[in-house]
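Summary of structural features
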Amino acid sequence: MRTSDTTAAEESRAEADTVRGAGALLQTWRLLRRDQLGMLGLVLVVIMVGSAIFADLIVPYDPTQIMVGPRMAPPSWDHLLGTDHLGRDTLSRVIAGGQVAFLVALASLGAALSFGLLLGLTAGFGPQWLDNGFLLLFDGVRAFPVIIFGLATVTLLGPSLWTVIFVVAVTSIPIYARIVRTQTQAMKNNEFIVAERAMGAGTPRILGVHVLPNVIGPLLILASMDVPLVITTEAGLSFLGMGVRPPTPSWGTILNDGYSYIRNSPWPVIAGGIPIVITTLGFTFLGEALRDIFDPKLRKDL
Amino acid sequence: MTDQDIRLPKAALDRRGFLKGTAAVGAGAMLANMPITRHAFAQGAKGGTLRARAYADIDALDPGFYQNAYNVDVMNCIYSKLIHYKPGREWDWELQAAESIEQVDSTHIRFKLREGMMFTGGYGEMTAEDVKFSFERIIQHDSPVKGDWGPLERVDVEDKYTGVIVLNEPFQPLWNITLPYGCGHIVSKKAVMEATKNGGNFGMEPPCFSGPYVLAEWKPDQYVKLTRNPDYTGPDEVAFDEIRIFPMDDEKTAEIAYEAGDIDYTGISLASLNRYKQDKPDNTTIREHPSLYYVWIGMNTDHPKLKDKRVRQAIQYAINVPQILQAAYFGQAEVANGIVAPGLIGHRERTIVPPEGNQAKAKQLLAEAGAEGLEVTVDTLNASKWKTIAEIAQAQLAQVGITLQINVQDSGSFWTLGMESEGDRWKDLQLIINRFSMVPDPYYATQWFTCEQVGVWNWERFCNEKYDKLHNKAVSETDPEKRDRMYREMQDIMEESGAYRFLTHEGSPIMYRNTIVEPATRPDGRPLYRYANKA
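Residues numbered from 1 in each chain as written. Chains lettered and ligands numbered in written order. Predicted model: local features only at pLDDT ≥ 70, side-chain atom pairs only at ≥ 80, totals over all residues. Heavy atoms only, no water.

A short note on the confidence of the model for chain B
- Per-residue confidence for chain B gives a mean pLDDT of 87; residues scoring 70 or more make up 91%.
- Considering only residues more than four positions removed or in separate chains, one finds that residues 1-46 of chain B, a stretch of pLDDT under 50, has 32 contacts. (pLDDT = per-residue confidence, 0-100. Contact = heavy atoms within 4.5 Å.)

What about the nonpolar core?
- Counting residues in each nonpolar core, the largest one holds 163 residues, and the members touching the most others are B:Leu82, B:Ile165, B:Leu179, B:Leu226, B:Leu431 and B:Phe449.
- Counting residues domain by domain, this core receives three or more from each of domain 1 (3-247 + 509-534) and domain 2 (294-504) of chain B.
- Those residues within four positions of B:Leu226 in sequence are excluded, and the remaining contacts are B:Val74, B:Cys77, B:Ile78, B:Tyr213, B:Val214, B:Leu215, B:Ala216, B:Asp241, B:Glu242, B:Ile243 and B:Ile245.
- Formed by 51 residues, the second largest nonpolar core is a distinct cluster that contains A:Ile193, A:Ala201, A:Leu219 and A:Ala271. (Core = buried A, V, L, I, M, F, W, Y, C linked by side-chain atoms within 4.5 Å. Buried < 20%, exposed > 50% of the residue type's maximum accessible area, 1.4 Å probe, protein only. Domains from an automatic or database assignment.)

A word on the UniProt feature "transmembrane region" (unreviewed entry) in chain A
All names here are of chain A.
- In this numbering, the UniProt entry assigns the feature "transmembrane region" (unreviewed entry) to residues 37-59, 100-121, 133-154, 160-179, 207-231 and 269-290.
- End C-alpha to end C-alpha, residues 160-179 measures 30 Å, and it is 95% helix and 0% strand.
- Within the segment residues 269-290, helix and strand shares are 100% and 0% respectively, and the terminal C-alpha atoms sit 32 Å apart. (UniProt positions renumbered as here; feature names shortened; annotations may be inferred. Helix = DSSP H or I, 4+ residues; strand = E, 2+ residues; numbered from the N terminus.)

Concerning the UniProt feature "domain: Solute-binding protein family" (unreviewed entry) in chain B
- The positions that UniProt labels "domain: Solute-binding protein family" (unreviewed entry) are, in the present scheme, residues 96-449 of chain B.
- Its end C-alpha atoms 32 Å apart, residues 96-449 of chain B is made of 27% helix and 23% strand.

Things to note about the layout of surface pockets
- Within this model, the largest pocket holds a volume of roughly 1400 Å³.
- Every residue lining the largest pocket is counted, 43 residues in all, and those nearest its centre are B:Asp57, B:Asp221, B:Asp410, B:Ser411 and B:Gly412.
- Counting residues per element, the ones that place at least two in the lining of the largest pocket are helix H7 (146-157) and helix H11 (251-260) of chain A together with helix H12 (411-414) of chain B.
- Residue composition of the lining of the largest pocket, grouped by class: 22 nonpolar, 14 polar and seven charged.
- Split by domain, the lining of the largest pocket shows at least three residues from each of two domains, domain 1 (3-247 + 509-534) and domain 2 (294-504) of chain B. (1 Å grid on protein atoms, 1.4 Å probe; cavity = no way out; pocket = protein on both sides within 12 Å on 5 of 7 lines; lining within 4 Å. Points joined across faces, edges and corners; volume = space filled by probe spheres on them. Nonpolar A, V, L, I, M, F, W, Y, C, P; charged D, E, K, R; others polar.)

Remarks on the sheet that holds strand E7 (residues 152-157) of chain B
Residues and elements named next belong to chain B.
- Taken in spatial order, the four strands line up as E5-E6-E8-E7 in an open sheet, and their pairing is antiparallel. One side of each edge strand has no neighbouring strand; the edge strands of this open sheet are strand E5 (98-105) and E7. Sheet twist, expressed as the mean angle between neighbouring strand axes with direction ignored, is 20 degrees.
- When strand E6 (residues 108-113) meets strand E8 (residues 162-167), the two strands line up antiparallel, connected through five bridges. Bridge pairing in E8 links Phe-111 to Gly-163.
- Contacting E6, E7 and E8, helix H4 (residues 128-140) crosses the sheet at an angle of about 165 degrees to E7. (Pairing = 2+ DSSP bridges. Axes fitted to C-alpha atoms, helices over the stretch in contact; angles between N-to-C directions.)

Some remarks on the domain arrangement of chain B
Residues and elements named next belong to chain B.
- The domains assigned to chain B are domain 1 (3-247 + 509-534) and domain 2 (294-504).
- Computed over C-alpha atoms only, the centres of domain 1 and domain 2 are separated by 32 Å.
- Domain 1 puts 22 residues into the contact, and the matching count from domain 2 is 20 residues.
- At the boundary of domain 1 with domain 2, total buried surface from both sides reaches about 1600 Å², with 57% on carbon and sulfur atoms.
- Of all residues in domain 1, the largest losses of buried area upon contact with domain 2 belong to Pro-144, Gln-172 and Ile-177, amounting jointly to 26% of the total for that side. (Buried area = accessible area lost by both parts, 1.4 Å probe.)

Section: the interface of chain B and chain A
- Taken together, the contact between chain B and chain A spans 24 residues of the former and 21 residues of the latter.
- Carbon and sulfur atoms make up 52% of the surface buried where chain B meets chain A, a total of about 2100 Å² over both sides.
- Per-residue buried area on chain B facing chain A is highest for B:Phe330, B:Lys387 and B:Glu391; these three make up 25% of the total on that side.
- One salt bridge in this structure joins B:Lys387 and A:Asp257, with 3.8 Å as the shortest N-O distance.
- The interface formed by chain B and chain A contains five residue pairs in polar contact (both at pLDDT 80 or more). (Salt bridge = Lys/Arg side-chain N within 4 Å of Asp/Glu carboxyl O. Polar contact = N/O pair within 3.5 Å; in protein donor to acceptor, adjacent residues only side chain to side chain.)

A closer look at empty space enclosed by the protein
Residue and element names in this part refer to chain B.
- Summed over all chains, the structure comprises ten cavities of 30 Å³ or more.
- Of the voids in this model, the largest cavity is the one considered here, and its volume is about 750 Å³.
- The wall of the largest cavity is formed by 46 residues, among which Arg-53, Tyr-55, Glu-251, Tyr-293 and Arg-435 lie closest to the centre.
- For the lining of the largest cavity, the per-class residue count stands at 24 nonpolar, eleven polar and eleven charged.
- Space inside the second largest cavity adds up to approximately 180 Å³.
- Lining the second largest cavity, in full, are Tyr-55, Gln-67, Asn-68, Tyr-70, Tyr-293, Trp-415, Arg-435, Phe-436, Ser-437, Tyr-444, Trp-448 and Trp-457.

Structural notes on unusual backbone geometry
- Of the consecutive residues A:Pro246 and A:Pro247, the connecting peptide bond is found in the cis state with omega at 5 degrees.
- In this structure, A:Pro247 sits in the loop between helix H10 (203-239) and H11.
- Unusually for a residue other than glycine, A:Met72 sits at a positive phi of about 50 degrees.
- Positionally, A:Met72 belongs in the loop between helix H4 (55-58) and helix H5 (90-125).
- A positive phi is found at B:Asp221, a non-glycine position, where the angle reads about 65 degrees.
- Looking at the secondary structure, you find B:Asp221 in the loop between strand E10 (213-219) and strand E11 (223-228).

So, the UniProt feature "domain: ABC transmembrane type-1" (unreviewed entry) in chain A
- The residues that UniProt annotates with the feature "domain: ABC transmembrane type-1" (unreviewed entry) are residues 98-287 of chain A.
- Each end of residues 98-287 of chain A is marked by a C-alpha atom, and these two atoms are 19 Å apart; helix forms 84% of the span and strand 0%.

What to know about the packing of H5(A) against helix H6 (residues 128-142) of chain A
Residues and elements named next belong to chain A.
- For the pair H5 and H6, the least separation of the axes is 7 Å and the interaxial angle reads 140 degrees. In terms of axis orientation, H5 runs oblique to H6. Crossing angle aside, the handedness with which H5 passes H6 is left-handed. Between H5 and H6, the residues in contact are Leu-119, Thr-122 and Ala-123 and Leu-130, Asp-131, Phe-134 and Phe-138, respectively. (Parallel < 35°, antiparallel > 145°, perpendicular 65-115°, else oblique. Left-handed = near helix turned anticlockwise from the far one by under 90°.)

A few points about the sheet that holds strand E15 (residues 294-299) of chain B
Residues and elements named next belong to chain B.
- Spatial ordering of the open sheet is given by E17-E16-E18-E15-E19, a layout of five strands whose pairing is mixed. Looking at strand neighbours, the two that pair on one side only are strand E17 (403-409) and strand E19 (500-504), the edges of this open sheet. Adjacent strand axes in the sheet meet at a mean angle of 25 degrees when their direction is disregarded.
- Pairing of E15 with E19, which is carried by four bridges, proceeds in the antiparallel orientation. Paired with Trp-296 across the two strands is Phe-502, which belongs to E19.
- Against the sheet, helix H11 (residues 384-399) contacts E15, strand E16 (375-381), E17, strand E18 (431-436) and E19, and its axis sits at roughly 170 degrees relative to E17.

A look at the packing of aromatic side chains
Residues and elements named next belong to chain B.
- Using the criterion set out here, one finds 33 aromatic pairs over all chains in the structure.
- Both rings, one in Trp-296 and one in Phe-436, keep their centres 4.9 Å apart while their planes meet at 85 degrees; by these two values the pair is edge-to-face. A residue pair is termed long-range when its members are at least 10 positions apart, and Trp-296 in strand E15 and Phe-436 in strand E18 qualify at 140 residues. Accessibility assignment for this pair places Trp-296 and Phe-436 in one class, buried.
- Their ring planes at 85 degrees and their centres at 5.4 Å tell us that Phe-449 and Tyr-500 sit as a pair that is edge-to-face. Of this pair, Phe-449 sits in the loop between helix H13 (442-446) and helix H14 (465-474) while Tyr-500 sits in strand E19, and the two are 51 residues apart along the sequence. With respect to burial, Phe-449 and Tyr-500 carry one shared label: buried.
- Lying across the ring of Tyr-223, Arg-244 places its NZ or CZ 4.4 Å from the centre. (Phe/Tyr/Trp six-rings, centres within 6.5 Å; stacked < 30°, edge-to-face > 60°. Lys NZ or Arg CZ within 6 Å of the ring centre and 35° of its normal.)

Structure (structure tokens):
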């Protein structure tokens, strides 16, 4: 008869074995299913991302077509979220606005992650003077208030989707780079790295094959939690009229137009605000759940 | 625009200062919640503060280089001039710093200053020499608004207070614009020479004041604070101790600020006019004034895409003006037939291109020019009204196969777009939605579209010899009927060039708290703060 202790030990060993390849995903999924808030987050994220991806298929009207209905109409069966000051269908604009929001998030976070990783690894693994130089640069860029930096850049480059992406990417790079740098430095003197070096592995191999996989996990979680931040930055710039060009729908422009005509109808503001709230909640819940799962120190079941 | 004289806010705020500030805010909030208390307070106290809103922050304080009407609103308070606009519903003028002024003949005007008009800062009494300096420097230093002084030859000083303005040729707008508006303000020769060495533009640093108010503080993008000038000895009794002008370019923001009690006097948008008429805030009066503004969509005639006149005309025909006005102004604005508002000499009764446009004609013109599938950009301010105009125009142009890309600009960057002195952005400028302010003489509107103004305020870079000739001739034409005909012809030339699609003259309703202020305005609703009375 085996004691329950040995059973647990064997189980955890078995679990550890499955934390390779497809098994890791499955295990994450199991853990996530136990976390109710995390699941709620996942559902919200799937809905928002899904509606953004399939926006072109599911919008009831062309989001930029004016006068598809009466102006400033309240919600009705024809227009589920009402219409705006130009008679455009607000629901269609909200859905299409999601596309812009997620495009900005994906592109800018993608760029920020890649550059952040590259710079962070270099700073963390490189010589001291390079590290100091990079740190100065990172902290210098981080010192800019994002929106002010955004407004200045927009004035110089002209307002467009790509300017917004550029602004968000540039201001996010130092954040990721700094984290990667610290992680790399912590890992630099680990025995397996020293062993690799002793075996004559070059710096690119050490960084790419051994250090990178160890730092990318936490970084991805961090990025997923940053999605709402990026989306609100885009919405903020668009709200100030400095984001995407009209008539491209963006949650920020829907909010701004709604604000201008809030006395005539509150619906555009509500319609523009809700997706931002849902997205923020979704990514925050999901991000926190994932962090709890991947960070062993926070795992209650270990 | 950094400035030592105009005290910028102290960056550091210590704890005590913060507490004081919050206490003051708290007290203010309490007062705001008690309209009766505030009413009694406002009436009981001598002086008090008038809190008003301007649609843009000041960016020029030298009257010789005044740029925009919102700057003149402030100049009106801090400087004095020979004559000024009489507040009311009819265009007229009254004496201010002058004791008398008379037209000796068509090119000579004799004035006599009041005795004892003092400049601040120990710069002494205002003399005819200062008047001469103030007017002549505008021509000498090639001011962007030297057109206001048109054919000024010189000013002859006869004695300490008397002088004669000598013109090369008769100049009708002198009485309607030059003397009572920006360029008519008198600055101290001694003070300006000390500050600038050559008498040029002193920008945002007025070396001294001569009006009943002084500029006490300017916090860029926050407020302009004018306080009573203790040295003022002129004829105007001002009612308020302090005038605080808050720049808010978005009208909706201003309306909300008014309702929240942050300001007591503001222009309101035509979009809100109906709603306010039906549901007025407490203690509020709404006054409607006809506006002289003119709003148009301009086209840069030098841009490669718009060089062909037929392309520009196609855009004119593609734009349906009433549709734009319905969307952007909620049907509260009338179609403009040109740049001169109804009621003034030179107002045109009809346009050449019908206001509703003609899509078939637009398509035909595009085909003739071989410009099908044209892609152009339009630059506009970031307030919702302008964006709406742009978006409707975008939809209208799309119907004739023109793709319009909208560039939204904030006011700081917008107002320098077409200026050659501010970089190369004018080269990329294509379409632009623009609005200019106006004073009651047609000359003031037409002067911005001459060849000389290309790259200054003429952002369409429209240049027509006949137009310029007519413009020069009309200013000295004394027969009103002939003058009227000339200005109408000039607007025909503008429209035929294809560079302009006139939209509207808007309207300028104002709203004020009738327990605080009895505002004084020009007939077009522009504030004359200096003559505002307390309720």
